[in-house]
Amino acid sequence: MSRIEQKSGTANDLTSGEAFAPAERDAVYRAIATRRDVRGEFLPDPLCENALSRILAAAHQAPSVGLSQPWDFILVRDRETRSRIAEIFARANEEAAKRFPAQKQAQYRTLKLEGILSAPLNICVTSDPARGGPVILGATHMADTDLFSTVCAIQNLWLAARAEGIGVGWVSILHEDQVKSVLGIPDRIRLVGYLCLGHVRGFHDRPELEKRGWRRRDDVKKHVHEEKWNVQHDPDD
Ligand SMILES: Cc1cc2c(cc1C)N(C[C@H](O)[C@H](O)[C@H](O)COP(=O)(O)O)c1[nH]c(=O)[nH]c(=O)c1N2
């Protein structure tokens, strides 16, 4: 093989560049459109271990800066451990409520924002900024790229779970240091996502926060701009 071929690969290294067949493409878009953040609809039934393996493999196929694969997935099944995390949530949630103005605060308190104990499985997703070595290709000028990579893994997990009929809820109303202490996570490792997973009674047909009048999903056009930043942001929104 010539030096140029080694660098660029040969045509027969490549898989097809054609679009998916319509039904396959529709399935991808369906997973994206019907994925929901699940909080109150979990069933207690344990997850199928094969499905869980597929979901974790999907997460692990995410893109990562310099192929650093900074993520780790801590499977938290033990009820006692989950109770300790639920207590951390309860304290943080009380603090969170107080940050909103009075009227919004009352509405905030009506929202269910976690399924830590009702879901049979929690997954704590961490990110190691040093995973790719002291200098990481692609991370030299943007410090948070390990976090971005780990979020890509979480999104893969979330979509794969939806395709498996498994709900995922992301809980971020937590003190990172307290969760790390419960799960034995070293200081230098970042907590990116604390996820609740389980089978569900059903998926909401649109974001629950929208259904409950907290906030609306924008039209995509509001977020797409030609050539230059052109954001028309309502200051009250
Ligand atoms: C980084 C991050 C952190 C959180 C969330 C999401 C993300 C991306 N979301 C879920 C969020 O509220 C939800 O995605 C939106 O309301 C949109 O709804 P669907 O995901 O489309 O159902 C979330 N939900 C919740 O009930 N408690 C939480 O602490 C969080 N935290």
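Residues numbered from 1 in each chain as written. Predicted model: local features only at pLDDT ≥ 70, side-chain atom pairs only at ≥ 80, totals over all residues. Heavy atoms only, no water.

### Examining the overall build of the chain
Counting its secondary structure elements, the chain contains eight helices and four strands. The order of helices and strands in the chain, counted from the N terminus, is α-α-α-β-α-α-β-α-β-α-β-α. By principal-axis analysis of the C-alpha atoms, the chain measures approximately 70 × 45 × 40 Å. For the chain, with 237 residues in total, the buried portion stands at 37%. If you take every contact in the chain between residues at least 6 apart in sequence, the share linking residues at least 24 apart comes to 81%. Accessible surface, the chain as shown: approximately 15,100 Å² in total, 53% of it carbon and sulfur. For the chain, the distance from the average position of its 33 positive side-chain charges to the average position of its 33 negative side-chain charges is 3 Å. (Helix = DSSP H or I, 4+ residues; strand = E, 2+ residues; numbered from the N terminus. Buried < 20%, exposed > 50% of the residue type's maximum accessible area, 1.4 Å probe, protein only. Contact = heavy atoms within 4.5 Å. Areas by Shrake-Rupley, 256 points an atom, 1.4 Å probe, with all protein chains shown as cover. Lys, Arg positive; Asp, Glu negative; His and termini not counted. Charge placed at Lys NZ, Arg CZ, Asp CG, Glu CD.)

### Looking at the packing of aromatic side chains
Per the stated rule, a full pass over the model turns up four aromatic pairs. Ring centres of Trp 158 and Trp 170 lie 5.9 Å apart, and the angle between their planes is 50°; this geometry places the pair in the tilted category. Taken as a pair, Trp 158 in helix 6 (residues 145-163) and Trp 170 in strand 3 (residues 166-171) lie far apart in primary sequence, 12 residues in all. Here a set of aromatic residues connected by ring pairs shows up, and it is made of Phe 100, Tyr 108 and Trp 214. Its guanidinium or amino end placed over the ring of Trp 158, Arg 35 lies 4.4 Å from that ring's centre, counting from NZ or CZ. Above the face of the Phe 203 ring, Arg 162 is positioned so that its terminal group lies 4.0 Å from the ring centre. (Phe/Tyr/Trp six-rings, centres within 6.5 Å; stacked < 30°, edge-to-face > 60°. Lys NZ or Arg CZ within 6 Å of the ring centre and 35° of its normal.)

### Quick notes on unusual backbone geometry
Its identity is not glycine, yet Leu 67 carries a phi of approximately 55°, on the positive side. The topology assignment puts Leu 67 in the loop between helix 3 (49-60) and strand 1 (71-76). One non-glycine residue, Glu 227, lies in the positive phi region at around 70°.

### Considering the side chain of Asn 122
With respect to the secondary-structure elements, Asn 122 resides in strand 2 (residues 121-127). Accessibility expressed as a relative area gives 0% for Asn 122, which makes it buried. Separated by 3.2 Å, the side chain of Asn 122 and the backbone oxygen of Ile 116 make a polar contact. Setting aside anything within four residues of it in sequence, one finds Asn 122 in contact with Ile 74, Leu 75, Val 76, Arg 82, Ile 116, Tyr 194, Leu 195 and Cys 196. (Polar contact = N/O pair within 3.5 Å; in protein donor to acceptor, adjacent residues only side chain to side chain.)

### Comments concerning a nonpolar patch on the surface
Side chains of Phe 20, Val 28, Tyr 29 and Ile 32 sit close together on the surface and give an oily, nonpolar patch of about 410 Å² of accessible area. Within the secondary structure, Tyr 29 is located in helix 2 (residues 22-34). (Patch = residues over 30% accessible without salt bridge, like charges linked within 9 Å, V, L, I, M, F, W, Y side chains within 5 Å. Salt bridge = Lys/Arg side-chain N within 4 Å of Asp/Glu carboxyl O.)

### Regarding the side chain of Ser 127
Mapped onto the elements of the fold, Ser 127 is located in strand 2. A distance of 2.7 Å separates the side chain of Ser 127 from the side chain of Asp 146, its partner in a polar contact. Within the local environment of Ser 127, its side chain forms a polar contact with the side chain of Thr 150, the two groups lying 3.0 Å apart. Residues in contact with Ser 127, not counting those within four places in the same chain, are Pro 70, Asp 146, Leu 147, Thr 150, Ile 189, Arg 190 and Val 192.

### Focus: the site of the ligand
Arg 35, Arg 36, Asp 37, Arg 39, Leu 113, Trp 170, Val 171, Ser 172, Ile 173, Pro 207 and Leu 209 make up every residue found near the ligand. Contact distances for the ligand include 3.3 Å between a nitrogen atom and a backbone N or O atom of Trp 170. For the ligand, whose unbound accessible area comes to 620 Å², protein coverage reaches 73%. Looking at the shell around the ligand residue by residue, the classes come out as six nonpolar, one polar and four charged. (Near = heavy atom within 4 Å. Nonpolar A, V, L, I, M, F, W, Y, C, P; charged D, E, K, R; others polar.)

### Observations concerning the confidence of the model for the chain
The predicted model of the chain averages 94 in pLDDT, with 95% of residues at 70 or higher. This stretch, residues 1-5, has a pLDDT under 50; its non-local contacts, to residues over four places away or in other chains, come to two contacts. Predicted complex, confidence summary: ipTM 0.99, pTM 0.95. (pLDDT = per-residue confidence, 0-100.)

### Focus on the pattern of salt bridges
Counting across every chain of the model gives 17 salt bridges. For Glu 164, the salt bridge identified is with Arg 54, shortest N-O distance 2.7 Å. On the criterion of sequence distance, the pair formed by Glu 164 in the loop between helix 6 and strand 3 and Arg 54 in helix 3 is long-range, its members being 110 residues apart. You can call Glu 164 partly exposed: its relative accessible area is 28%. The class for Arg 54 is partly exposed, based on a relative accessible area of 46%. Residues Arg 131 and Asp 128 are paired through a salt bridge, measuring 3.6 Å at the closest nitrogen-oxygen approach.

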